[in-house]
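An overview of the molecular structure
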Amino acid sequence: MTGRILARTSAIPVERLLAGLACSLEGDTDRRAPLVLLHGLTFDCTMWWPALAELRQVDPGRRILAVDLPGHGQSPAWPCYDFEGIADQVHRAVQEAKLPSPVLVGHSAGAVIATSYASRYPARGVVNVDQWLQAEPLARLFQSLAGQLRGPGFRAAWEMVEAGMHIRPAAAGSSSPPGTRPVPGQARTVQIVPRRFTPCGRQRRGSARLLNGRFNRLDLQKLSDRGEPMPADLPDASERLRKRAAAELEARLPSHLGRLGWDRVRLAAHQRDRLRELLACAAANSRFHARRLAGIDLDRFEVADLPRLPVMTKAEMMTRFDEVVTDRRVSMRQVQAHLDASKTRASLLLDEFVCLASGGSSGVRGVFVQTAGSYMDFMASFISPAVARNGVGGTGPGGLVAAVVAAGSPIHSSALAAVTVNDPVRLVPVPATLPLGEITERLNALRPPVLIGYPTMLALLAAQQRAGRLRIAPAAISASSEQLTDQDRAAISAAFGVPVTDQFASTEGLSGHSDPGGQVLTFATDMCIVELVTADHRPVPLGTPADKVLVTNLHNLTQPLIRYELTDRFVRHPDDSAGRLRAAVDGRADSVFWYGGIAVHPITFYSVLEDVAAITEFQVRQRRRGVIIDVVADGDLDKPALRDAVRRGLTRCGLEWPEVAIRAVTSIERHAETGKVLRFLPSQA
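Residues numbered from 1 in each chain as written. Predicted model: local features only at pLDDT ≥ 70, side-chain atom pairs only at ≥ 80, totals over all residues. Heavy atoms only, no water.

**Description of the pattern of salt bridges**
Note the threshold: Basic side-chain nitrogens of Lys or Arg form a salt bridge, by our definition, when they fall within 4 Å of a carboxyl oxygen of Asp or Glu. Helix numbering and strand numbering both begin at the N terminus, where a helix is a DSSP run of H or I of at least 4 residues and a strand a DSSP run of E of at least 2. Under the scheme applied here, a residue whose accessible area is under 20% of the maximum for its type counts as buried, over 50% as exposed, and between as partly exposed, the area being computed with a 1.4 Å probe on protein chains only.
Summed over the entire model, instances satisfying the criterion amount to 31 salt bridges. Note that glutamate 659 and arginine 625 form a salt bridge whose closest N and O atoms lie 3.9 Å from each other. Of the two residues, glutamate 659 is situated in strand β29 (residues 659-664) and arginine 625 in the loop between β27 (615-623) and β28 (626-633); the sequence distance between them amounts to 34 residues. Given a relative accessible area of 48%, glutamate 659 falls into the partly exposed group. The network of salt bridges with common partners includes Asp30, Arg32, Asp59 and Arg62.

Right, dumping it as structure tokens:
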């Protein structure tokens, strides 16, 4: 903290420079939420003194920070003024003042900055004084007046702006309120007219409750598609992408809700028709698929004919990407460059395509491209069961709010969904790549009614909840993108008091969900045709774990995936009444450790490690004659006993004299972009 004290009279609070901004700081640090006061354009922090005089009477001693924004009052000018940058600087001042989760009070443009602050930093609430939070009309107004504001017409243009901010000159002969100093070049006082300064319920955005009469979902740094980067810890999407996604989802969701009631005949006809459309598009426009589909009567092709077609692997797709896609404008080089530029802020490629990458957990990174409509088709399918189950209508900000503790970069699907889906389920991203303490703090501020995340992260949050550091009461919890183990399921349910819904979602377009507390998932086979097969691509019977899953994506015509090989292991259960696939997820085939001809399934390690109550996380690395296991323990750990138990399990699998090392660590490294943990790391030899 910089301790330079500015010369002030004793009647006015002491001002300091905090993070380079002139600030007044008063009051005591106690259990009351601190206040941060942000003035509007052309003012400074002294505009708050009359209000503070009243507050000192009704709430004495409250900790209050009033800020001179850049270029105002005693704060230095900036070369460029952008709301998000100012919000970041205010946050740094708040940190230097050691104010935890403050209430932000903003007037006019200060309210816009306050909301920007609360959308990405912990805050108890936002008080919006005379500012409608739909900032785009204001931005358009300033753009239309740019010539006048920069020229001799400034005064007339600014008076028009003032009228919209309800700034009135003091009456002739009136005295200034105590502590008020004039805005440079204007001998006047100000009167705030808080027409909308009214508490109105528990609407939420980001980490704060908004106390104003009108709520609009607002990401302030998206006033224009400037392509400026977001902070590293918060995914984002361009305004154009968000608007396009919202329109596509609104158009498609009713259809997907209707599909939930389809019978077997309707689903089968849909699969056949969409499959023929996919094959026709691939044969006509994809050089890769044209060769594979040569000589096949596509007009009479049936779902049962799929085994006649060759299997498609990720390695093939990535090697021959430019031949696979059906739009000649799209190339691997172009998509990769777009992904590289989109790690914090997603946008549309060629104003049309969504680009995504898989995490590369199988050793080969996948790149996927589809139209915005196709991607929102997938999202409509993914959220429709929850929308139907919770009876949520298209109510905008009043819809179902869910915190998503998942990927930190919008080139991955979970993060992109979190910054594009706003209605009827409003997703709020909390990147799993953040430190656990910060994730806990953000969730405490948000208090989401729905919590979605990786099972490994939900298990850690369950431990935080049991310890009293996390204090939330979600009505529903969903685990996605990793295998949900029985131990994690039990721990999460016990900590939060609600059953866990298991969800499956692959970047390739396949999704499924269980009932709350259920272990068998129902898959959206109106979107993807799924084949569960052995290693040599033969169908597996009910109850038998499949070695591979073959997916034919029916909704992405830009990058046709036809009998595309996933390495997930499903155990098939009887289909539902409409013929949709039902299966339990049994991990990934690429998590099996092979020692010559001896296969060691992850269950060998789960059966031992999950019996040790002290272990909160683990990671198993294959070595030539055994394994190294890193464990995070919350309590005493008997490493010799654990080592012996793992050895016995490996011996039962047929491995002679296995070598096992147990290492106690403080944390398990997560993927830098997705935030996932790889439990099992097979040898690459």
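Picking up where we left off.
**Some thoughts on the packing of aromatic side chains**
Spelled out, the test is: Two rings belonging to Phe, Tyr or Trp (six-membered ring only in the last case) form a pair when the distance between their centres is within 6.5 Å. Interplanar angles under 30 degrees mark stacking, angles over 60 mark edge-to-face geometry, and anything in between is tilted.
Overall, the coordinates contain 11 aromatic pairs when judged by the stated rule. Aromatic pair phenylalanine 593 and phenylalanine 680: ring centres 6.3 Å apart, planes at 75°, arrangement edge-to-face. Of this pair, phenylalanine 593 sits in strand β25 (residues 593-595) while phenylalanine 680 sits in strand β30 (residues 680-681), placing them 87 residues apart in sequence. Taken individually, phenylalanine 593 and phenylalanine 680 each receive the classification buried, so the pair is uniform in this respect. Among the aromatic residues, ring-to-ring pairing joins Phe593, Phe605, Phe618 and Phe680 into one connected group.

**Some points on unusual backbone geometry**
We note that alanine 19 has phi near 55°; this positive angle belongs to a residue other than glycine. Mapped onto the elements of the fold, alanine 19 is located in the loop between β1 (15-18) and β2 (21-26). What makes alanine 19 buried here is its relative accessible area of 14%. With a phi close to 55°, lysine 98 is a non-glycine residue in the positive phi region. Checked against the element boundaries, lysine 98 lands in the loop between α2 (83-96) and β5 (103-107).

**Digging into the sheet that holds β28**
To be explicit about the condition: Whether two strands pair comes down to DSSP finding at least two bridges between them. Residue contacts are counted whenever heavy atoms from the two residues lie within 4.5 Å of one another. All axes here are fitted lines through C-alpha atoms, helices being fitted over the stretch that makes contact, and every angle between N-to-C directions spans 0 to 180 degrees.
One open sheet accounts for 4 strands, arranged β29-β28-β27-β30; its pairing is mixed. Each having just a single partner strand, β29 and β30 make up the two edges of the open sheet. Pairing of β28 with β29 involves 6 bridges; the strand directions are parallel. From the neighbouring strand, glycine 626 faces β29, where its bridge partner is glutamate 659. Where helix α19 (residues 639-652) meets the sheet, its contacts fall on β27, β28 and β29, and the angle it forms with β29 comes to roughly 145°.

**Here we look at the confidence of the model for the protein**
Under the convention used in this document: The predictor reports its confidence for every residue as pLDDT, a score running from 0 up to 100.
The predicted model of the protein has a mean per-residue pLDDT of 80, with 78% of residues at 70 or higher. When the criterion is pLDDT under 50, residues 1-12 qualifies, and its contacts beyond four places in sequence or with other chains add up to 21 contacts. Residue range residues 393-398 is modelled with pLDDT below 50. Its contacts to residues more than four positions away, or to other chains, number 9 contacts.

**Section: the nonpolar core**
Rules: Each nonpolar core is a collection of buried residues, namely Ala, Val, Leu, Ile, Met, Phe, Trp, Tyr and Cys, held together in the definition by side-chain atoms within 4.5 Å.
Leu443 and Phe496 are the most contacted members of the largest nonpolar core, which totals 60 residues. Broken down by element, this core gets its largest block of residues, 9 residues, from helix α13 (residues 372-390). Once residues within four sequence positions are removed from consideration, phenylalanine 496 is found in contact with Leu451, Leu458, Leu461, Ala462, Gln465, Leu470, Ile472, Pro474 and Ile477. Formed by 25 residues, the second largest nonpolar core is a distinct cluster that contains Leu25, Val36, Ile86 and Ala114.

**Quick word on the environment of arginine 466**
Among the structural elements, arginine 466 can be located in helix α16 (residues 455-466). Note: C-alpha distance between arginine 466 and alanine 495 (29 residues apart in sequence) is 5.9 Å. The residues contacting arginine 466, other than those within four sequence positions of it, are Ala491 and Ala495.

**Concerning the state of the cysteines**
We count it as follows: Criterion for a disulfide: a pair of cysteine sulfur atoms within 2.5 Å.
As enumerated under the stated definition, the model contains 0 disulfides in all. Counting only cysteine sulfurs, cysteine 45 is the nearest neighbor of cysteine 23, a cysteine outside any disulfide, at a range of 7.9 Å.

**Quick word on the packing of helix α15 (residues 436-446) against α16**
The condition is simple: Oblique is the label for any angle not covered by the other classes, which are roughly parallel (under 35 degrees), roughly antiparallel (over 145) and roughly perpendicular (65 to 115). For this classification, the nonpolar set comprises Ala, Val, Leu, Ile, Met, Phe, Trp, Tyr, Cys and Pro, the charged set comprises Asp, Glu, Lys and Arg, and every other residue, Gly included, is treated as polar.
α16 packs onto α15 with a crossing angle of 75° between their chain directions and a minimal axis gap of 11 Å. By the angle class used here, α15 and α16 are roughly perpendicular. Facing Leu436, Ile439, Thr440 and Leu443 of α15, the residues of α16 in contact are Met457, Leu460, Leu461 and Gln464. Tallied by class, the residues present in the contact of α15 with α16 amount to 6 nonpolar, 2 polar and no charged.

**Some points on the sheet that holds strand β21 (residues 548-553)**
Spatially, β20-β21-β22 is the arrangement adopted by the 3 strands of the open sheet, whose pairing is antiparallel. With one partner strand each, in any of the chains shown, β20 (528-533) and β22 (564-566) form the two edges of the open sheet. The average undirected angle you get between the axes of adjacent strands in this sheet is 30°. Taken together, the 6 bridges between β20 and β21 define a ladder with antiparallel strand orientation. Bridging across to β21, glutamate 531 finds its partner in leucine 550.

**Some thoughts on the environment of alanine 578**
As for its position among the elements, alanine 578 is in the loop between β23 (568-573) and β24 (582-588). Given the relative accessible area of 3%, alanine 578 is considered buried.

**A closer look at the side chain of histidine 555**
Note the threshold: As used in this structure description, the phrase polar contact means that two N or O atoms lie within 3.5 Å; if the pair is within protein, one of them must be able to donate a hydrogen and the other to accept it, and residues adjacent in sequence are counted only when both atoms belong to side chains.
Relative to the helices and strands, histidine 555 resides in the loop between β21 and β22. Of note is the side chain of histidine 555, whose polar atom sits 3.5 Å from the backbone oxygen of methionine 527. With near-sequence residues (within four places) excluded, histidine 555 lies in contact with Arg274, Gln370, Ser374, Asp377, Phe378, Gly509, Met527 and Cys528.

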